[in-house]
Each structure stands twice: as structure tokens, then as C-alpha cells.
Amino acid sequence: MLSEKYVLHIPLYKFEKEEVIPINIETVIDELFENLNENGFDGFYTQNVKSHWKKRTYDEILITVFTSPERKDILEDVFCRWFEKNNHILLQEAYAFERNDTLVIRNLN
């Protein structure tokens, strides 16, 4: 049963020198998709949205994944490791994902 719903937040912009700058997300997003597939998450949904945070407006990709309770820790680990590994490109202060309609924010500083 796929009763655990996750929404992974992927920013398409970074905040640098007081400017919102596009990220070349193609260089790392395929790696995330591959990591998800390699870990048994074969199906997921992507959606482009407009986000607002700290008076900044930017585009973001939301990836929705449904999984079983037994595999939720694997999914979180895949996403967190990917984000932390690639933050030299993403340049985020924090990253976020939703777990069953609860927002989880992890600081990177």
C-alpha cells in the first residue's frame, strides 16, 4: 500500500548577491530522477509552480512520490543526500519536502 505522500521541493533559482538567479537544474535533476529509479521509486509526478519565500518569488519543481511506510526513510535519504551533495550548484539556505501534508525544512548552514 502506497499510503505515504511526499512532495520534494526543487528550486529553480538561487539567491546570490541580493539577486534571484536561475539555476542550471538540468545538470543535477536527472541525477535525482535516476537515484529515485535506482531505489525503486519508478513513478512520480512533477509540477512547475511559482513559490514565495522571504519576499522572493521564484519558480520551483515539485516532485510528488507515493511510497509505502517501509520505504519512506529510503526516499527521504535519497532526496536529502542528493540535495546536500548538489548544494554547491543549488546554493540554497535550506531545502524542503512535504511528508503527508507536513512541511519539513532542513537548514544547510
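These figures come from a predicted structure and were not determined experimentally.

Of note, Leu91 is a non-glycine position whose phi angle comes to about 50°, a positive value. The exposure class assigned to Leu91 is partly exposed, which follows from its relative accessible area of 33%. Phi is positive for Asp101, close to 70°, though the residue is something other than glycine. With relative accessibility at 67%, the residue Asp101 sits in the exposed group.

This next bit is on the side chain of Glu4. Among the structural elements, Glu4 can be located in strand β1 (residues 4–11). Despite its burial, Glu4 remains without a salt bridge, the nearest opposite charge being carried by Lys72 at 4.7 Å. Here Asn100 takes part through its side chain, which lies 2.6 Å from a polar atom of the side chain of Glu4. Among residues more than four places away in sequence, those in contact with Glu4 are Val65, Phe66, Thr67, Ser68, Pro69, Lys72 and Asn100.

For Thr57, the location among the structural elements is in strand β5 (residues 56–67). Each C-alpha atom of the pair Thr57 and Tyr13 lies 9.2 Å from the other, and the pair is 44 residues apart in sequence. Dropping the residues within four chain positions of it, Thr57 is found in contact with Val20, Lys50, Ser51 and His52. Reaching out from Thr57, the side chain makes a polar contact with the side chain of His52 at a distance of 2.9 Å.

Summed over the entire model, instances satisfying the criterion amount to eight aromatic pairs. Members of the aromatic cluster, connected to one another through ring pairs, are Tyr6, Phe79, Trp82, Phe83, Tyr95 and Phe97. Here the basic side chain of Arg71 rests over the ring of Phe41, its NZ or CZ set 4.7 Å away from the ring centre.

Mapped onto the fold, Thr64 is located in strand β5. Beyond its immediate sequence surroundings of up to four residues, Thr64 is in contact with Lys5, Tyr6, Val7, Phe44 and Tyr45.

Turning our eyes to something else, we now look at helix α1 (residues 26–38). With 13 residues, α1 ought to run about 18 Å at 1.5 Å a step, and its terminal C-alpha atoms sit 19 Å apart, in line with that. Buried within α1 are the following residues: Val28, Ile29, Leu32 and Leu36. End-on view of α1: buried residues confined to an arc of 105°, all on one side of the axis. Exposed and oriented more than 90 degrees from the buried face of α1 are Glu26 and Glu38. Gly40 lies just past α1 and shows a positive phi near 90°.

Calculation rules
Residues numbered from 1 in each chain as written. Predicted model: local features only at pLDDT ≥ 70, side-chain atom pairs only at ≥ 80, totals over all residues. Heavy atoms only, no water. Buried < 20%, exposed > 50% of the residue type's maximum accessible area, 1.4 Å probe, protein only. Helix = DSSP H or I, 4+ residues; strand = E, 2+ residues; numbered from the N terminus. Lys, Arg positive; Asp, Glu negative; His and termini not counted. Salt bridge = Lys/Arg side-chain N within 4 Å of Asp/Glu carboxyl O. Polar contact = N/O pair within 3.5 Å; in protein donor to acceptor, adjacent residues only side chain to side chain. Contact = heavy atoms within 4.5 Å. Phe/Tyr/Trp six-rings, centres within 6.5 Å; stacked < 30°, edge-to-face > 60°. Lys NZ or Arg CZ within 6 Å of the ring centre and 35° of its normal. Expected span 1.5 Å × (residues − 1). Arc of directions from axis to C-beta.

This is a description of form; function is not addressed.
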